[in-house]
Amino acid sequence: MRWLWLLIAWSMPMLTASAQGKKALLIAISHYAPVTGGWDSLSADADRRLMQAALRRQGFSLVLTCENRQATRRGMVAALQQLHDNLAPGDHVVVHYSGHGCQLPDDNGDEKEDDLDECLVPYDAPRRFPATYRGELHLRDDELGRWLDRLRARVGPGGHVLLLLDSCHSGAASRGDNAVRGESAYTPVREEGSAFFEPVMPPAGRSGSGRLIFISGARSTEANTEMFDDDGRRVGSLTYAWCKALLRAAKGTSYRRLFDEICTIVAEKAPGQTPQLEGEGQLELFAGTAVWAEPAFSVEGLTGTARRTLRIAGGKLAGLLEGTVMRFYRKAGTRGEAVATGTIVAASLLGAEVQLDRPIDQPGSLEAIEQKRVYRNRKVPVRIEGDTGLAPLIRSVAEVNSEKPAALVLRHRGDSVELIRAQTGVLFRRVAGEAAVLTALSDYAQASILRDIELLNSPFQAEMRVFAARLRHGGTWTIADTLNGGIPALSTRHQGWLIIRNTGNTPFYFNLVDVEPGGKTAVLLPQASRPPEVLRLEAGKSLELPIERVRPPLGMEVYRLLMSDQPFDVRPAVASRGVAGDDQPFSFLFRKDRSPDIPEKLGTAVMAFSISDWEFFEKK
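Chemist: Outline the overall build of the protein chain, listing residues and values.
Modeler: Along the protein chain, the regular secondary structure elements total eight helices and 33 strands. Counting the 620 residues in the protein chain, one finds 58% classified as buried. Surface accessibility of the protein chain: about 25000 Å² in total, with carbon and sulfur atoms responsible for 49%.

Written out as structure tokens, the structure reads:
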């Protein structure tokens, strides 16, 4: 546990910009030409569909696509040219790539760290090549950087360009249950960030050019794996996280804050990889023209002749599952009585079908509001390898060998049981004894819930930041901003510093929960010396909290801030791993025997950061 003490107030400004049109290019390669030598097939077509739906919701006026056979190096360059020709000053641009990535020997001497260029892999680019190959069929980082410069020059200082790369540029062959998006024949070198923009990241605020924001799915030394979406289908981890975070984005969200949500989703769905943010993340999303998360969902139309079944534009990606109860109102300045009530009977990733309690007319004039949300089954889907005898013992906390994609694989190793993350093949925990297996599965389930809590109607807004810190002789602190690829980083060699800020207009009480990389959950606040009644943060105020000890395990850690309009204490529930209940998202955190009154107003904020053993301060 990382102990905290309450200190002083702090604030941070946010920049904004003006906007005009929104335009995009989506490059998606699911299947590569046979002559390339065996690049694995990917689920880039699913990425493209997700991105198209997300961008339509955001009001993009132009979404170009370049897919599969079209996406040769020549085709990708032509698509970039077409995008360039359709841009105007003040436009906001998204370029999304979903496919394989790789590394090639540097061809111009600009890669000082590792002598390697990061590359996108077009449809016909070879996987294996002779020593004489010069990368003619690949798209190197240098060339992509020049294209980004051209796009930035085209949109001018009033616009900006967002690049999303759902690929990787190193790593090895596939492991676990999922495909890896790329490979490298070269030994990875520790580099900060994605390593993709060593040569091409333009200076911030270059006169006459638009701003640049770049988000990639993994560090240069990591594999970028595919994952399973809410329908059990493969999808790119960054694409899924980006689209889901975009649906949750509250008014005023910056790329930096959206990135926090992305990291948290990836930590849950694809542990072992670390998304990267480079460029001007402080900018407001689409310069303030984004369609922000609202409690209302639009109605797409009736689906049956009886006028009692309709489809709404919100599905599993927005947290709407079968059984969720919806109310329907006429669109108006002031919401009147409900026209109808209905229950979701079928949900896809992006939409849902609702059975109404009465027939209706003019569905296009309606909007849907959640009345009662249903939350996911909290049992962990597992696959048991071999005759372990565990199946009857763990059914209370796990779904064993079900049709759902497994989250964990259980196998005996000598006198112990290994719990392996199914998507990555990485060891989650090795334990001995039946009780320890149950504890590990409960830890995994609780950590998953805490990472994935979402509330669209919360009256509270907050943000968190961590910095590396060193406690010096005499009790003074030295603070360092240790962003690495957009991810705040702490080191086991030092202490840390946490800042919590109330960015809204409503005061709140809070608890702070830590979800460690190994899946263990601990309540940091309240403490014995800091009871729930004193954990209150006024609107616009901030708290600074020193972190006395930073301990292993290394990897991606998540802090979850829980907020309410009254004091509360989640320590008993976290210690006992909660109780069952689907009536509201914090129900598992409130013990019925100790907290009979669950707060009516609830909120949550999240921050992901990495734990390393790096040295951040000069030794003296």
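Chemist: Pulling in residues and values, what's your account of the packing of helix H2 (residues 73-85) against helix H3 (residues 141-155)?
Modeler: Two elements in contact, H2 and H3, have axes whose closest approach is 9 Å; the angle formed by their N-to-C orientations is 15°. What the angle tells us is that H2 and H3 run roughly parallel. Viewed along their axes, H2 and H3 form a crossing whose handedness is right-handed. Here Arg 73, Val 77, Leu 80, Gln 81, Leu 83, His 84 and Asp 85 of H2 come into contact with H3, specifically with Glu 143, Trp 147, Arg 150, Leu 151 and Arg 154. Residues belonging to the contact of H2 with H3 are distributed by class as follows: five nonpolar, two polar and five charged.

Chemist: Break down H3 for me, with residues and values.
Modeler: Taking 1.5 Å per residue as the helical rise, H3 with its 15 residues ought to reach 21 Å, and the 21 Å between its terminal C-alpha atoms agrees with that figure. When H3 is considered as a whole, its buried residues turn out to be Asp 141, Asp 142, Glu 143, Leu 144, Gly 145, Trp 147, Leu 148, Leu 151, Arg 152 and Val 155. Where H3 is buried, its residues touch H2, strand S3 (92-98), strand S5 (116-120), strand S6 (139-140), strand S7 (160-166) and strand S8 (211-216). A positive phi of about 70° marks Gly 156, the residue just after H3.

Chemist: Describe the sheet that holds strand S21 (residues 416-421), listing the residues and the values that go with them.
Modeler: What the five strands build is an open sheet, ordered S19-S18-S20-S21-S22; its pairing is mixed. This sheet does not close on itself; its edge strands, each paired only once, are strand S19 (398-400) and strand S22 (427-431). For this sheet, the mean inter-axis angle between neighbouring strands, taken without regard to orientation, is 30°.

Chemist: Help me get a handle on the sheet that holds strand S2 (residues 62-67), residues and values and all.
Modeler: Spatially, the six strands line up as an open sheet ordered S2-S1-S3-S7-S8-S11, and their pairing is mixed. Of all the strands in the sheet, the pair left with one neighbour each is S2 and strand S11 (276-279). Put simply, the sheet's adjacent strands are angled 10° from each other on average, direction ignored. Note that S3 and S7 share seven bridges and pair parallel. Across the sheet, Val 95 pairs through a bridge with Leu 163, a residue of S7.

Chemist: For the pairing of strand S31 (residues 542-547), give the residues involved together with the corresponding values.
Modeler: Buried residues dominate S31, accounting for six of its six residues. Neither face of S31 is exposed, since Ser 542, Glu 544 and Pro 546 on one face and Leu 543, Leu 545 and Ile 547 on the opposite face are all buried. The pairing of strand S27 (residues 495-502) with S31 spans six bridges and is classified as antiparallel. Each residue of the ladder has a partner; that of Ile 500, found in S31, is Leu 543.

Chemist: A description of the packing of aromatic side chains should follow, citing residues and the corresponding values.
Modeler: A full pass over the atoms with the stated rule returns nine aromatic pairs. Look at Trp 477 and Trp 497: their rings are 5.2 Å apart centre to centre, the planes differ by 65°, and that puts the pair in the edge-to-face class. Placement of the pair is Trp 477 in strand S24 (residues 477-480) and Trp 497 in strand S27, with a sequence separation of 20 residues. With a relative accessible area of 8%, Trp 497 lands in the buried category. The ring centre of Trp 39 lies 5.9 Å from the NZ or CZ of Arg 127, which sits over that ring.

Chemist: So what about the pattern of salt bridges? Which residues, and what values?
Modeler: Scanning the model with the defined rule gives 26 salt bridges in all. A salt bridge links Asp 231 to Lys 316; the shortest N-O distance between them is 2.7 Å. Residue Asp 231 is located in the loop between strand S9 (226-228) and strand S10 (234-236), and its partner Lys 316 is located in the loop between strand S13 (309-312) and strand S14 (325-330); the two are separated by 85 residues in the primary sequence. In this structure Asp 231 comes out as partly exposed when scored by relative accessible area, which is 23%. Note that Glu 463 and Arg 257 form a salt bridge whose closest N and O atoms lie 3.0 Å from each other. Of this pair, Glu 463 sits in strand S23 (residues 462-471) while Arg 257 sits in helix H5 (residues 255-269), placing them 206 residues apart in sequence. This pair shows no difference in class: Glu 463 is buried, exactly as Arg 257 is.

Chemist: I'd like a description of the nonpolar core, backed by residues and values.
Modeler: Counting residues in hydrophobic clusters, the biggest one holds 53 residues, and the most contacted among them are Ile 215, Trp 242, Ile 262 and Leu 285. At eight residues, the largest contribution of residues to this core is made by H5.

Chemist: Could you give me a rundown of the environment of Gln 362, with the residues and numbers involved?
Modeler: Topologically, Gln 362 is positioned in the loop between strand S16 (352-356) and strand S17 (366-372). When its relative accessible area of 59% is taken as the criterion, Gln 362 is described as exposed.

Chemist: Describe unusual backbone geometry, naming the residues involved and giving the relevant values.
Modeler: The linkage connecting Leu 525 with the following residue, Pro 526, adopts the cis geometry, with an omega of 5°. Within the secondary structure layout, Pro 526 lies in the loop between strand S29 (521-525) and strand S30 (536-537). In this structure, the amide linkage connecting Pro 552 to the following residue, Pro 553, adopts the cis form with an omega of 10°. Here Gln 362, not a glycine, exhibits a phi torsion of approximately 50°, which is positive. Phi at Asn 401 takes a positive value of approximately 50°, unusual for a residue other than glycine. For Asn 401, a relative accessible area of 48% corresponds to the partly exposed category.

Chemist: How would you summarise the environment of Val 95 if you had to cite specific residues and measurements?
Modeler: Within the secondary structure, Val 95 is located in strand S3. A residue is classified by how much of its surface remains accessible, and Val 95, at 4% relative accessible area, is buried. Residues Val 95 and Leu 164 lie 69 residues apart in sequence; the distance between their C-alpha atoms is 6.2 Å. Ignoring anything within four residues of it in the chain, the contact list for Val 95 reads Leu 25, Leu 83, Leu 151, Leu 162, Leu 163 and Leu 164.

Chemist: I'd love a proper account of the side chain of Arg 48, names of residues and values included.
Modeler: Tracing the backbone through its elements, the reader meets Arg 48 in helix H1 (residues 44-57). Of the residues examined, Arg 48 reaches a relative accessible area of 17% and is grouped as buried. If sequence neighbours within four positions are ignored, Arg 48 has contacts with Leu 26, Ala 28, Thr 65 and Glu 67.

What counts, and where the lines are drawn
- Residues numbered from 1 in each chain as written.
- Predicted model: local features only at pLDDT ≥ 70, side-chain atom pairs only at ≥ 80, totals over all residues.
- Heavy atoms only, no water.
- Helix = DSSP H or I, 4+ residues; strand = E, 2+ residues; numbered from the N terminus.
- Buried < 20%, exposed > 50% of the residue type's maximum accessible area, 1.4 Å probe, protein only.
- Areas by Shrake-Rupley, 256 points an atom, 1.4 Å probe, with all protein chains shown as cover.
- Axes fitted to C-alpha atoms, helices over the stretch in contact; angles between N-to-C directions.
- Parallel < 35°, antiparallel > 145°, perpendicular 65-115°, else oblique.
- Left-handed = near helix turned anticlockwise from the far one by under 90°.
- Contact = heavy atoms within 4.5 Å.
- Nonpolar A, V, L, I, M, F, W, Y, C, P; charged D, E, K, R; others polar.
- Expected span 1.5 Å × (residues − 1).
- Pairing = 2+ DSSP bridges.
- Phe/Tyr/Trp six-rings, centres within 6.5 Å; stacked < 30°, edge-to-face > 60°.
- Lys NZ or Arg CZ within 6 Å of the ring centre and 35° of its normal.
- Salt bridge = Lys/Arg side-chain N within 4 Å of Asp/Glu carboxyl O.
- Core = buried A, V, L, I, M, F, W, Y, C linked by side-chain atoms within 4.5 Å.

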